[in-house]
Each structure stands twice: as C-alpha cells, then as structure tokens.
Amino acid sequence: MSKNLIHEKFINAIREKIPHKAILTNTLIDLLCIEREAVYRRMRGDVAFTFEEIAAISNKLGISLDNLIGARSVKSRPYQLCLVEYIDPIEDDYKMWDMYNDRLREVRQDPDSCSVECMSLLPAVFVLDYSYIFRFYLFKWYNQYGYMEHTAHYREIEPSEKLLQVQRVTANESKHIKSTIYVLDPLIFQYIVNDICYYSSVHLIDKEDVKMLKQDLLRFLSELENMAARGTYRETGNAIQFYISNINFDASYSYLETRKVHISIIRAFILNAVMSMDDKAYEIFHNWLQSLLKSSTMISVSGEKQRILFFEKQRMIIDSL
C-alpha cells in the first residue's frame, strides 16, 4: 500500500472520529501544539503527519493503524476503552462526551437510525431525571473504581452541573433515534436493591437516603411502565420497545446504527464503556442482540399481560427496601 494512500486513509479516519471541522481543528492544535495553518496543511495532504503526530492522534482518538494498513487479524477487532472521571471530570473527559454527542446529533437527519441495548443497569438515558438513583450510580462508581484510597459516603457524592448538562445532551439526543429497543435483565431491579442494601449495611448510606432511593425507584418504575405501554418517547414520538430477557447478562451491551456510522458498546466499570466503530464488531453485536431478542419477552404496547406481571414483581422487590 502506497504512503499517499495510507496518509489519505489516516486523514479520513480522523474526520470520521470528529466530523465537525472546527472541533477537529482545535483538537489537533491542542494535541500537536502546532499552528492552525499547519493543521490545515496536514489535513489537505500538503504536509504529511510525522510518526510522533500519528501516534499521538491515534492514541487520543482511538484510531487503529492495523485497520488502515489491513494488518488486523480476523480474530481481533479494535475497541477503545473510554475511561472518564465522573466525580471530577477534566476537559478531555468533556471532549470525549462532546464527540459522542456529535455522533448522536447526526441521528436527527437519519430516518432509519436504530439502537438496541441489553441492560443489567437501569438505562442512563432515563435516570438523570431521578437524582437519588443517578447519585447512587456515581457513588458506586466512586467506591468501586474511582478512588480506592478513600471510601465515600453517599451524601459526599454530588454531580457537578457541567456533568449533568453534558449527560442531559446525551439523553436528549438519544431520544431522537428513530427506533430504540431495550432488553432488560430479568433481575435489573434486584441488582440495584441488593447494592443499596449492602451499602446500607456498611453504613455508607443512611436510612433516610434509602427511603429517598426507594421513592425514586418507584417513580422511575412507574414512568418505565408508562413508556412501555405507550411505545414511544413522549418528547419526540419515536418508537421505543422494552423486552425482558429470559437469561441474565454478564454485562450491558448495545449498538447504534445510522447511515453514516455503526457503533458497538460494552459497558464497563459501571459508568464507563468500551466502544468500537468497526463494521465487523458491529455485525457481531447486531447478530448476537437480534438472537437475544428472539428469546426475550416483549412487554411494550401489546404485551400487556407480561408487562403487568413484570412491573408488579419489580414493585415487590423495591418495596423490600
């Protein structure tokens, strides 16, 4: 493969990662510490990126050089582990969220966009409206992954307004996906109730906060039931379906399909994610999740009997708090 072709493919890969020209230019200026015109020359192909620049960009944007030169093994697919700080985010964390939100914004112009998510955690797109639940996931992330040298009490955790704003953008843009399917682990509420009981038993959550969490969970459950019966997002009218899996999950998986991009995601460390834009990885995810749907029970719209039974059981689980 010629050097010119490799360089062209590298530039195209950069543009795929950050489609917005102004954001892309500013990102490269900050990353490479070069002038704006120097960035323009490189992106036009007038000047080649140096090896050090290619390494820095690839590491920052998660670009697989094996992909570009065709040296990737058929048994290996490129994924990027997106590790962000939720309690005290830095500017790079917000840039990572902004890049993902830019991808989601493209969904508005795509009438065929679709997403399938199988979840063992309550879907993040919904829990932002329930401050005690959202804080609980931040609290759990902090104590299990964030800062091992210091155990935090639930009341010490307070999300910043900037974090809430960028998360609200993600939640809002997600509702513009034309068709969304959630496949829920049958024990999804049991998991969070078990966690709350544990942290309460070691005195990291007070009884009053357990009571507020219980109220939030019941309110969330009622809204989830309404969405399942309605079959659409209230804000956009786009289709949303809920299924209950007949098997438990070892993690949460999802994919997003648009005309321009295929994204497959594995949730990791509670709030973080392992993400890929590789087409073969997407194909594997798509086939697996479609197979999972066949062995799951739909509780949206027409699945009234199953829906009533499921939500009655979840209320009993939450009432045990």
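In this text, all values refer to a predicted model and were calculated from it rather than measured experimentally.

Across its full length, the protein holds 13 helices and eight strands. By the compact-globule yardstick of 20 Å for 321 residues, the protein fits well, its C-alpha radius of gyration being 22 Å. Dimensions along the principal axes, computed over C-alpha positions, put the protein at roughly 65 × 45 × 35 Å. Here the protein holds 321 residues, and the buried ones make up 47% of them.

So, on to helix 13 (residues 304-319). Taking 1.5 Å of rise per residue, the 16 residues of helix 13 would be expected to cover 22 Å, and the 22 Å separating its terminal C-alpha atoms lies within 8% of that figure. The set of residues buried in helix 13 consists of R307, F310, F311, Q314, I317 and I318. Buried residues along helix 13 cover an arc of 115° about the axis, so they all sit on one side. Residues of helix 13 that are exposed and point over 90 degrees away from its buried face: K305, L309, K313 and M316. In this fold, the buried residues of helix 13 make contact with helix 10 (188-201), helix 11 (207-230) and strand 4 (239-245).

Moving on, we come to the pattern of salt bridges. Per the stated rule, a full pass over the model turns up 18 salt bridges. For E37, the salt bridge identified is with R44, shortest N-O distance 3.5 Å. Residue classification places E37 among the partly exposed residues on the basis of a relative accessible area of 39%. Here E223 makes a salt bridge to R234, at a shortest N to O gap of 3.3 Å. Highlighted residues: E223 in helix 11 and R234 in the loop between helix 11 and strand 4, separated in sequence by 11 residues. Taken together, the salt bridges that share partners define one network made up of E37, R44 and D46.

With that settled, consider the packing of helix 10 against helix 13. Helix 13 packs onto helix 10 with a crossing angle of 5° between their chain directions and a minimal axis gap of 9 Å. As the angle between them shows, helix 10 and helix 13 are arranged roughly parallel. Facing helix 10, whose interface residues are F189, Q190 and V193, helix 13 presents Q314, I317 and I318. Looking at the contact of helix 10 with helix 13, its residues break down into four nonpolar, two polar and no charged.

Attention shifts here to the pairing of strand 7 (residues 272-276). Within strand 7, five of the five residues are buried, which leaves it mostly tucked inside the rest of the structure. What you see with strand 7 is no split at all: N272, V274 and S276 on one side and A273 and M275 on the other are buried throughout. Relative to strand 7, strand 6 (residues 262-268) runs antiparallel, the two being bridged by five bridges. Directly across from I265, in strand 7, lies its bridge partner M275.

What follows deals with the side chain of S174. Following the sequence through the fold, S174 ends up in helix 9 (residues 161-174). With a relative accessible area of 14%, S174 lands in the buried category. Excluding its chain neighbours within four sequence positions, the residues that come into contact with S174 are L104, V125, T180 and Y233.

Packing of helix 2 (residues 21-32) against helix 4 (residues 51-61) brings their axes to within 11 Å, and their N-to-C directions diverge by 120°. In terms of orientation, helix 2 and helix 4 fall into the oblique class. Judged by the twist between their axes, the crossing of helix 2 over helix 4 is right-handed. Contacts between helix 2 and helix 4 pair L28, L31 and L32 from the former with E53, A56, I57 and K60 from the latter. Per-class residue counts for the contact of helix 2 with helix 4 are five nonpolar, no polar and two charged.

In this section: the packing of aromatic side chains. Going through the model one piece at a time under the given rule, you end up with 18 aromatic pairs. Taken together, the ring pairs connect F136, Y137, F139, Y154, Y198 and Y199 into an aromatic cluster. Against the face of Y94 rests K162, its NZ or CZ located 4.3 Å from the ring centre.

Attention shifts here to helix 12 (residues 279-294). Between its first and last C-alpha, helix 12 extends 23 Å over 16 residues, near the 22 Å set by a 1.5 Å rise per residue. Of the residues making up helix 12, those classed as buried are A281, Y282, F285, L289, L292 and L293. Axial view of helix 12: buried residues confined to an arc of 100°, hence all on one face. In helix 12, the exposed residues that point more than 90 degrees away from the buried face are D279 and K294.

Bringing the nonpolar core into the picture now. One finds L122, F126, F136 and F242 to be the most contacted residues of the largest nonpolar core, which totals 55 residues. With sequence-adjacent residues up to four places away left out, F136 is seen in contact with Y154, I192, D195, I196, Y199, I205 and L213. Judged by nonpolar contacts, the second largest core, of 18 residues, contains A13, I18, L28 and A38.

Rules behind the numbers
- Residues numbered from 1 in each chain as written.
- Predicted model: local features only at pLDDT ≥ 70, side-chain atom pairs only at ≥ 80, totals over all residues.
- Heavy atoms only, no water.
- Helix = DSSP H or I, 4+ residues; strand = E, 2+ residues; numbered from the N terminus.
- Rg over C-alpha atoms; globule rule 2.2 N^0.38 Å.
- Buried < 20%, exposed > 50% of the residue type's maximum accessible area, 1.4 Å probe, protein only.
- Expected span 1.5 Å × (residues − 1).
- Arc of directions from axis to C-beta.
- Contact = heavy atoms within 4.5 Å.
- Salt bridge = Lys/Arg side-chain N within 4 Å of Asp/Glu carboxyl O.
- Axes fitted to C-alpha atoms, helices over the stretch in contact; angles between N-to-C directions.
- Parallel < 35°, antiparallel > 145°, perpendicular 65-115°, else oblique.
- Nonpolar A, V, L, I, M, F, W, Y, C, P; charged D, E, K, R; others polar.
- Pairing = 2+ DSSP bridges.
- Left-handed = near helix turned anticlockwise from the far one by under 90°.
- Phe/Tyr/Trp six-rings, centres within 6.5 Å; stacked < 30°, edge-to-face > 60°.
- Lys NZ or Arg CZ within 6 Å of the ring centre and 35° of its normal.
- Core = buried A, V, L, I, M, F, W, Y, C linked by side-chain atoms within 4.5 Å.

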